[in-house]
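One letter stands for each residue in the lines below.
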Amino acid sequence: MGEPILKVDDINVWYGSIHAIKGISFEVYEDEIVTLIGANGAGKSTTLNTISGLLHSKTGSISFMGKNLAKIAPHKIVDEGLAQVPEGRRVFLQMSVAENLEMGAFTAPSSGIAADLEKVYSLFPRLKERRRQVAGTLSGGEQQMLAMGRALMSHPKLLMLDEPSMGLAPILVEQIFEIIGNLHKAGSTILLVEQNAQMALSIADRGYVLETGKIVHSGSGSELLASPEIKRAYLGG
Amino acid sequence: MAILMNLINGISLGSVYAIIALGYTMVYGIAKMLNFAHGDVIMVGGYMAFCSMTYLNWGPVPAVLLAIAVCTVLGIVVERLAYKPLRQAPSLAVLITAIGVSYFLQNAALLIWGSDPKVFTSVIHIPSQRLFDGQLIITGTAVATVLSCVVIMIALSLFTGKTKMGKAMRAVSEDKGAAQLMGINVNFTISMTFAIGSGLAAIAGVLLCSAYPTLMPTTGSMPGIKAFTAAVFGGIGSIPGAMIGGILLGIIEIFGKAYISTQLSDAIVFAVLIVVLLVKPTGLLGKQIREKV
Ligand SMILES: Nc1ncnc2c1ncn2[C@@H]1O[C@H](COP(=O)(O)OP(=O)(O)OP(=O)(O)O)[C@@H](O)[C@H]1O
Ligand SMILES: [Mg+2]
């Protein structure tokens with residue numbers, strides 16, 4: 001498979017005295033969908049935020065496309081090709097849909113923005129209809145689409161999604177997963193954090209199970225889906 | 001005619017408050033802190049213009065530009081040295097630091113320029129306008145002040161609404177973490193906000209000293225507090241709110257002085273603030289944001 005595009009090696013992250021991530025390592029290869037699943041408080045968001053440079057590991061290293069991310073200023077990480085759709089969407093509620101998307105392209109050359117906007121609008125026609133509306137007036141599902149579109153504006157080589165299905169009705173969850181599948185088919189590499197283990201494992205190439213800051217299982221999506229232990233703990237049966 | 005005269009004076013004074021309030025509100029919006037030293041930057045701007053005109057014989061334009069440049073740098077330096085290390089600290093610690101910076105600036109001015117008031121020569125050379133056969137006189141300072149305020153308002157709206165940096169500022173003021181995930185340099189953006197706010201304070205200082213020409217180390221305190229009141233009155237964090245709050249405050253102050261009592265005018269100003277906050281706790285244009293979960 002060659003070199004992974006993301007290689008997380010033995011990271012430990014603390015919040016003050018709380019040891020949230022306890023020496024985890026994993027990797028993502030080009031063109032994969034890899035999922036991190038785990039219960040509330042397992043450390044999934046902490047892991048993504050550490051990769052994005054919002055938090056820092058006291059040990060180990062994170063390398064992305066062969067570069068050590070610790071040596072890169074946090075705001076330059078997006079420029080390296082890493083984008084995150086954060087938990088709870090965190091769109092800019094007082095800015096318009098179009099402005100939110102422009103912020104996603106903050107590090108991109110301004111010449112390509114118009115074409116990229118059109119691409120995102122064709123992926124999410126709802127956003128086009130609402131491009132002048134402030135994001136605070138969008139529904140939860142529309143905000144999720146906006147958050148995803150915003151991340152795509154930077155042309156990420158790796159797209160990290162933190163619980164994109166959170167708080168959405170089942171039909172919307174299906175729709176969001178379908179979009180993730182389409183992005184993958186179109187060539188995106190995806191790191192997907194989910195509590196919805198069933199959905200996540202069924203589209204993922206590989207998965208890791210996180211429990212209180214440690215990776216306790218890993219394997220291909222179908223292996224994990226079939227494992228009795230995982231079934232009991234995460235799949236409600 | 002007297003009412004009209006008072007109204008114009010009120011708008012003129014209010015325009016100064018508005019320019020100062022913009023600095024308060026922008027810094028609050030982005031750093032979520034009350035920069036109590038903001039008023040003292042006005043005083044520094046006043047002294048800079050005063051010194052360059054009195055000791056160096058500079059004309060008004062370079063004097064104003066120097067004041068703006070010095071205050072802009074001062075804003076950046078104060079943020080870098082005093083506030084940035086406290087980015088994660090409780091807001092009370094930041095507030096106390098800001099009060100400390102305020103006293104530091106006042107005492108530094110006291111050391112450099114002494115306590116006796118300096119007489120400021122107005123930088124504005126627009127003749128007074130006499131209307132209605134001389135019954136209504138509008139001073140050149142009033143004209144310049146209101147014009148500056150309008151120009152600043154338009155420039156700031158264009159900046160925050162149309163430019164990449166301005167939009168980034170709005171993004172940072174809403175959600176620093178999300179802004180950083182977009183690749184926005186949050187520290188730089190905060191620095192820029194302090195720079196703009198302090199540059200505006202320099203302009204306010206020069207306008208204020210042109211209208212009320214005594215300059216002392218404490219010159220900035222009272223207008224600073226009034227402008228802070230104006231920012232809260234209009235809805236802290238809101239740029240149009242600061243503008244409207246400032247102008248209304250100026251009008252209330254001048255009308256209070258003219259028709260009720262000179263001594264009580266400040267009390268009236270603050271009484272109005274209290275009433276507004278009781279009726280609408282977020283201020284006139286303040287927004288209450290409900291987040292969707
Ligand atoms: N800002 C914080 N300060 C202190 N502790 C925190 C903070 N954020 C998270 N934690 C702790 O770190 C641990 C991991 O949290 P994290 O948010 O990464 O979990 P998660 O797997 O994303 O959970 P969820 O599925 O609920 O989003 C938890 O025990 C949490 O309480
Ligand atoms: Mg989480």
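Look up: the structure comes first, before these words.
Cut-offs applied
- Residues numbered from 1 in each chain as written.
- Chains lettered and ligands numbered in written order.
- Predicted model: local features only at pLDDT ≥ 70, side-chain atom pairs only at ≥ 80, totals over all residues.
- Heavy atoms only, no water.
- Contact = heavy atoms within 4.5 Å.
- Buried area = accessible area lost by both parts, 1.4 Å probe.
- Salt bridge = Lys/Arg side-chain N within 4 Å of Asp/Glu carboxyl O.
- Polar contact = N/O pair within 3.5 Å; in protein donor to acceptor, adjacent residues only side chain to side chain.
- Helix = DSSP H or I, 4+ residues; strand = E, 2+ residues; numbered from the N terminus.
- Pairing = 2+ DSSP bridges.
- Donors = N, O, S within 2.8 Å, 3.2 Å for Na, K, Ca; no water.
- Buried < 20%, exposed > 50% of the residue type's maximum accessible area, 1.4 Å probe, protein only.
- Phe/Tyr/Trp six-rings, centres within 6.5 Å; stacked < 30°, edge-to-face > 60°.
- Near = heavy atom within 4 Å.
- Areas by Shrake-Rupley, 256 points an atom, 1.4 Å probe, with all protein chains shown as cover.
- Nonpolar A, V, L, I, M, F, W, Y, C, P; charged D, E, K, R; others polar.

Undergrad: Give a description of the interface of chain B and chain A that names residues and reports values.
TA: In many reports, interface size means the accessible area that the parts give up when they come together. Contact residues are listed per partner, giving 22 residues for chain B and 29 residues for chain A. When the two sides are added together, the surface that chain B and chain A hide from each other amounts to roughly 2400 Å², 58% of it contributed by carbon and sulfur. Residues B:Arg170 and A:Glu99 are paired through a salt bridge, measuring 2.9 Å at the closest nitrogen-oxygen approach. Applying the counting rule to chain B against chain A returns seven residue pairs in polar contact (both at pLDDT 80 or more). Only helix 6 (164-174) and helix 7 (176-181) of chain B provide two or more residues apiece to the side of chain B that touches chain A.

Undergrad: Break down the pairing of strand 10 (residues 214-220) of chain A for me, citing the residues and quoting the values.
TA: Residues and elements named next belong to chain A. By the bridge criterion, six bridges tie strand 9 (residues 206-211) to strand 10 in an arrangement that is antiparallel. The partner of Arg206 across the bridge, within strand 10, is Ser220. Between strand 9 and strand 10, which follow one another and run antiparallel, lie two residues, and Thr212 among them has a positive phi close to 35°.

Undergrad: Now, about the coordination of the magnesium ion (ligand 2): what can you tell me, with residues and values included?
TA: All names here are of chain A. For the magnesium ion (ligand 2), every protein donor is listed as Ser45 (OG) and Glu87 (OE), and the spread of their distances is 1.9 to 2.0 Å. Within this pair, whereas Ser45 is found in helix 1 (residues 44-51), its partner Glu87 is found in the loop between strand 6 (82-85) and helix 2 (97-104), the two being separated by 42 residues in sequence. For Glu87, a relative accessible area of 34% translates into the label partly exposed.

Undergrad: Quick one: what's the story with the side chain of B:Ser265, residue by residue and with numbers?
TA: All names here are of chain B. Among the structural elements, Ser265 can be located in helix 11 (residues 265-279). For Ser265, a relative accessible area of 2% puts it in the buried group. With near-sequence residues (within four places) excluded, Ser265 lies in contact with Glu253, Gly256 and Lys257.

Undergrad: Outline the packing of aromatic side chains, supporting the account with residue identities and numerical values.
TA: Residues and elements named next belong to chain A. Scanning the model with the defined rule gives seven aromatic pairs over all chains in all. Between Phe26 and Tyr208 the ring centres are 5.4 Å apart and the planes differ by 50°, which places this aromatic pair in the tilted class. In this pair, Phe26 is assigned in strand 2 (residues 18-28) and Tyr208 in strand 9, connecting sequence segments 182 residues apart. There is no split in this pair, since Phe26 and Tyr208 are both buried.

Undergrad: An account of the site of ligand 1 is requested, with residue identities and associated values reported.
TA: Residues and elements named next belong to chain A. Not every one of the 14 residues close to ligand 1 is listed here, only the nearest: Asn40, Lys44, Ser45, Thr46 and Glu87. A distance of 2.7 Å separates an oxygen atom of ligand 1 from a polar atom in the side chain of Asn40. Between ligand 1 and Gly41 there is a distance of 2.8 Å, counted from an oxygen atom to a backbone nitrogen or oxygen. Bound to the protein, ligand 1 loses 63% of the 630 Å² it would expose on its own. For the shell around ligand 1, the secondary structure elements donating two or more residues are strand 2 and helix 1. Taken together, the residues of the shell around ligand 1 break down into five nonpolar, six polar and three charged.

Undergrad: Talk me through the sheet that holds strand 4 (residues 61-64) of chain A; I want residue IDs and the actual numbers.
TA: By definition, the strands of a sheet pair up through backbone hydrogen bonds, in either a parallel or an antiparallel sense. Pairing is antiparallel in the open sheet, where four strands are placed in the order 2-1-4-5 (chain A). With partners counted over all chains shown, the strands left at the sheet margins are strand 2 and strand 5 (67-68) of chain A, one partner each.

On their own, these measurements won't tell you what the molecule is for.
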